[in-house]
Every structure is written in structure tokens, then in C-alpha cells.
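What the coordinates show
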Amino acid sequence: MPRATIHARPFGTTPTGEEVALWRLASPSGAYAEILTYGGILHALGVPDAGGRTENVVLSLPSLDQYAEKSPYLGALIGRYANRIAYGRFTLDGTTHAVPANDRGHALHGGPDGFDARVWEATPHTDGGTAELRLHLHSPHGDMGFPGALDVTATYSLDADGTLALDCTATTDRATVVSLSNHAYFNLVADGGDVLDHTLQVDGDAYLPVDATGIPLGPITPVTGTSFDLTGPRTLRTGVLSGDGQIRDAQGYDHCWVLTTGESEAPRRAARLSTPDGARTMEVWTTAPGLQVYTANHLDGTLTDPSGRPLRRHGAVCLETQHLPDAPNRPAYPSPVLRPGTTGHRRTEFRFTRAASPTPTPTPTESGS
């Protein structure tokens with residue numbers, strides 16, 4: 001019976017002298033995943049299509065130097081807090097904490113030295129048809145201004161069916177806020193073109209409108225009647241070119257859908273992404289309360305992938321499972337607080353199918369009415 005495999009090779013050395021490895025997980029299904037110990041980056045994800053052809057469906061960079069110096073979080077593990085904290089400040093149990101601002105006056109993805117820029121300790125494991133890479137990171141009290149010494153384990157596993165799962169657990173010695181995520185950029189066609197003709201369905205009936213700097217304006221808002229209604233499959237082009245002010249200002253989608261009012265015990269489907277011809281489909285299942293959809297609005301062609309192709313605007317879509325943005329300052333949002341004596345846990349699964357998907361029913365916007 002075919003078995004999963006896992007092995008490593010060197011991928012360079014950081015400016016501080018830390019050696020970085022690239023681990024390759026291979027499934028009996030023909031799928032594979034390549035993961036860097038630097039940033040826990042998902043460097044490649046090979047997935048068979050309906051014809052059995054395996055291609056890498058995530059954007060990547062050719063060298064460690066480019067990841068360290070230029071990467072817009074391509075494939076990285078994000079922490080301590082995915083998305084934005086307004087003005088880099090939040091109050092917890094009566095004490096105000098400050099995180100360095102790194103995005104238009106706000107703290108983005110844990111600040112300028114987040115978990116995406118750390119070298120994680122790796123432990124490999126195989127069990128029959130499943131290959132597993134366990135990554136561990138210790139973040140001391142005061143790291144980027146966050147309270148509490150935090151221990152994080154992020155486990156990537158690739159099973160016999162080709163499903164890639166990411167389990168994140170965290171413990172702390174004092175109260176803190178935590179939102180861990182992965183920032184993979186997906187293009188299921190894998191041809192270097194844009195993803196605007198991919199269809200996307202999001203299983204959330206509310207979202208968070210944002211101001212010009214990406215901070216939520218306030219209340220959770222129903223998607224009904226808006227360009228954010230993806231409760232049925234629609235092409236990304238429909239929304240990106242809709243003329244909606246929120247989308248126009250962001251140059252595409254860069255918004256969080258509300259999936260539930262809190263962490264779920266078991267994963268449930270959050271999104272379904274499919275190629276125009278249905279040859280490759282991905283479902284995202286998660287226990288997280290939110291899903292940030294980002295259509296690579298700020299890629300401008302200055303970065304290239306390992307084959308030399310430029311990474312351009314709308315060349316991929318990120319489906320980031322996470323707590324809601326600025327939740328440390330929003331009591332009405334699901335709480336991201338982690339306290340001593342408890343273990344925070346989140347599971348996200350990327351499930352792939354090769355069956356052709358139906359053509360989406362035209363929406364009024366698509367039909368031109």
C-alpha cells in the first residue's frame with residue numbers, strides 16, 4: 001500500500017545565521033506540500049486536476065532572501081494577531097498594550113516582526129498515508145508589545161486523499177490576544193494569469209465593511225443585496241469590477257466575512273473556490289469565526305515566482321481563516337482572548353476535488369441587467 005513520505009533539504013540561512021529547511025510532504029494521492037521553517041511558509045502545494053496533472057496552486061518566491069526582504073506574507077503563518085489592530089493599541093483587563101504600527105498607522109499581522117519572520121522548530125512524522133510536520137515557536141512576554149509568554153504549535157498534515165490541514169494550538173502564562181492564520185495565495189489554474197474567472201462561494205451571510213485604512217467601520221453587516229453576497233458561487237470578476245465603493249477603494253476584495261459567533265468545535269465549510277472549467281476545486285473548512293478574502297490587490301509585477309513569471313494584481317486569492325479584525329477593541333465581536341490554563345486551538349482544512357463543478361447561475365450584475 002502506498003505510504004506518505006516527508007523529507008527536508010536546506011533552503012538558505014537568515015542574516016542572523018539561522019539555517020532554514022524546506023520540508024516536502026508527499027501523499028499517495030499525488031499531492032504534495034512544501035513548507036519552510038522560515039515563517040512556516042507554505043512554499044508549494046501540488047494538487048492533481050481532473051486530468052491527473054499535478055501543479056502548484058499557491059504563489060511562491062524563488063529564494064529565502066526574497067521571502068525575508070520583499071514578501072507580502074506569501075504562504076506564511078501569521079501571528080500573534082492576523083489582520084489589523086486599530087492604531088496598534090488594545091486594552092486587556094485594564095492594561096493598555098501597544099503593538100508597533102506597520103500598515104497605515106495600524107498593526108497588521110502581529111506587527112513588523114511577526115511570526116511570519118521567525119524560524120520555527122520542525123518535527124516530522126508519517127503515519128501510513130499521512131505526512132505531518134509539526135512547527136513550534138516560543139514568543140516571549142512583551143513580544144511586539146503583546147502580553148504573555150506564548151507557545152505555539154502549528155501542524156501541517158497531508159493525508160492520503162490530498163487534503164492539507166493546519167492545526168494551530170497556543171498556550172500562555174498570562175492573558176493575551178491570539179489569532180493565528182495562514183496567508184497562502186491560491187491560483188487553482190496555476191498558469192500565471194489572474195483569478196478573476198475563478199468562482200468563489202463563501203458560507204457566511206455577514207461581513208465587515210472597512211474604512212480607507214482597512215479597519216472595520218463597526219457593526220457586522222448582512223451581505224444580502226451587496227457585492228459581498230457570495231452565498232452562491234460567483235466569479236471573482238463580478239465583485240471586483242462591480243463598482244462597489246468598498247471594493248473600489250481596496251482595488252478588489254480585502255474584507256472579512258463573519259462565519260459564526262465564536263470558535264467551532266469541529267470544522268465546517270467556509271468557502272468553495274473553483275477554476276473556470278471546474279477541473280480543480282478547493283473547499284476551505286475551519287473552526288475559525290472569520291474568513292478574510294483578499295484578491296492580491298497590491299501585487300504589482302515586481303516580484304517573480306521561481307519560474308520567472310511576474311506576480312501581478314489579482315493573480316491569486318487568499319482565504320485567511322481568523323478572528324475578526326480589530327476584535328481586541330470590539331467587545332461585540334467573538335473574543336480572541338486566551339488565558340492561562342486553557343489551550344487555544346484552530347483547525348483549517350483545504351480539501352480538493354477533481355470533479356467538474358457546475359457553471360454558476362448568472363447574477364443580475366453578470367447578466368448586465
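Going along each chain's sequence as written, the residues are numbered from 1 onward. Under the rules for a predicted model, residues below a pLDDT of 70 receive no local features and side-chain atom pairs below 80 are neither given nor counted, while totals for whole chains, interfaces and linings still include all residues. The basis for every side-chain value is the complete set of heavy atoms in the structure, and neither hydrogens nor water enter the calculation.

Quick notes on the overall build of the protein chain
Selection rule: Here a strand is any run of E in DSSP of at least two residues, a helix any run of H or I of at least four, and the numbering for each starts at the N terminus. For the radius of gyration, the atoms used are the C-alpha atoms, and the globule rule reads 2.2 Å times the number of residues raised to 0.38. Under the scheme applied here, a residue whose accessible area is under 20% of the maximum for its type counts as buried, over 50% as exposed, and between as partly exposed, the area being computed with a 1.4 Å probe on protein chains only. The contact criterion used throughout is that any non-hydrogen atoms of two residues lie within 4.5 Å. Computed with a 1.4 Å probe, the accessible areas rest on the Shrake-Rupley method; for each residue, only the protein chains presented here act as cover. We count Lys and Arg on the positive side and Asp and Glu on the negative side, and we leave His and both chain ends out. Think of each charge as sitting on NZ of Lys, CZ of Arg, CG of Asp or CD of Glu.
Regarding its fold elements, the protein chain presents four helices and 30 strands. For a compact globule of 369 residues, the expected C-alpha radius of gyration is about 21 Å, and the protein chain comes in at 19 Å, within 12% of that figure. For the C-alpha atoms alone, the extent of the protein chain along its principal axes is close to 55 × 50 × 40 Å. Considering the protein chain as a whole, with its 369 residues, one finds that 57% of them fall into the buried category. At a minimum sequence separation of 6, the contacts of the protein chain that also span at least 24 residues come to 66%. Total accessible area on the protein chain is roughly 14,600 Å²; 50% of this is exposed by carbon and sulfur atoms. Taking the average place of the 28 positive charges on the side chains of the protein chain and the average place of its 40 negative ones, the gap between the two points comes to 1 Å.

Considerations on the sheet that holds strand S2 (residues 19–26)
Going by this rule: For two strands to be treated as a pair, DSSP must find no fewer than two bridges joining them. Comment: axis = line fitted to C-alpha atoms, over the contacting stretch for helices; angle = value between 0 and 180 degrees taken between N-to-C directions.
The strand order S1-S2-S3-S4-S5 describes an open sheet built from five strands, whose pairing is antiparallel. Where the open sheet ends on each side, the last strands, each with one partner, are strand S1 (5–13) and strand S5 (54–56). Strand after strand, the sheet turns through a mean of 15° between neighbouring axes, direction not considered. The sheet contact formed by strand S4 (residues 42–48) and S5 spans three bridges and is antiparallel. Bridging across to S5, Gly46 finds its partner in Asn56.

Some remarks on unusual backbone geometry
The residue after Gly79, namely Arg80, is reached through a cis peptide bond having omega 0°. Assignment of secondary structure puts Arg80 in the loop between strand S6 (77–78) and strand S7 (84–85). Of note in the backbone geometry, Tyr73 takes a positive phi value of approximately 65° without being a glycine. Checked against the element boundaries, Tyr73 lands in the loop between helix H1 (64–70) and S6.

Concerning the sheet that holds strand S25 (residues 290–294)
Read from one edge to the other, the open sheet built from six strands follows the order S17-S28-S25-S22-S19-S20, with strand pairing classed as antiparallel. This sheet does not close on itself; its edge strands, each paired only once, are strand S17 (185–186) and strand S20 (221–222). Relative to strand S28 (residues 317–322), S17 is paired through two bridges, and the arrangement is antiparallel. The residue bridging Phe186 from the neighbouring strand is Val317, located in S28.

A short note on the confidence of the model for the protein chain
Parts of the prediction with low pLDDT should not have their coordinates interpreted in detail. Our working rule: One number per residue, pLDDT, summarises how confident the predictor is, and it ranges from 0 to 100.
Chain-level pLDDT for the protein chain is 94 on average; 96% of the residues reach the 70-or-more range. Overall, residues 356–369 carries pLDDT values under 50, and its contacts beyond four positions in sequence, including any with other chains, amount to 16 contacts.

With respect to the packing of aromatic side chains
Between two aromatic rings, the relevant description is the distance of the centres plus the angle of the planes. Applied cut-off: Centres within 6.5 Å are what make two rings of Phe, Tyr or Trp a pair, Trp counting through its six-membered ring; a difference in plane orientation under 30 degrees is then read as stacked, over 60 as edge-to-face, and the rest as tilted. Charge over a ring is defined by NZ of Lys or CZ of Arg lying within 6 Å of the ring centre and within 35 degrees of the ring normal.
For the structure on display, the rule yields eight aromatic pairs. Here Phe186 and Phe350 contribute two aromatic rings whose centre-to-centre distance is 5.4 Å and whose plane-to-plane angle is 45°, an arrangement assigned as tilted. Pair noted here: Phe186 is in strand S17 and Phe350 is in strand S30 (residues 344–353), with a separation of 164 residues, a long-range link. Among the aromatic side chains, those forming a connected cluster through ring pairs are Tyr207, Phe228, Tyr253 and Trp257. Cation over ring: Arg351 sits above Trp285, and NZ or CZ is 3.8 Å from the ring centre.

A word on the pattern of salt bridges
Keep this limit in mind: One side-chain nitrogen of Lys or Arg within 4 Å of one carboxyl oxygen of Asp or Glu is enough to make a salt bridge.
Under the criterion given, the structure shown has 21 salt bridges. As a salt-bridge pair, Arg347 and Asp167 come within 2.4 Å of each other at their nearest N and O atoms. One end of the pair, Arg347, is in strand S30; the other, Asp167, is in strand S14 (residues 164–172), and 180 residues separate them in sequence. Counted as one network, the salt bridges with shared partners bring together Asp49, Arg53, Glu55 and Arg280.

Here's the deal with the environment of Pro306
Structurally, Pro306 can be placed in the loop between strand S26 (300–304) and strand S27 (310–312). On a C-alpha basis, the gap between Pro306 and Asp205 in space is 38 Å, while along the polypeptide they are 101 residues apart. In this structure Pro306 touches Ser60, Leu61 and Pro62, once residues within four positions along its chain are discounted.

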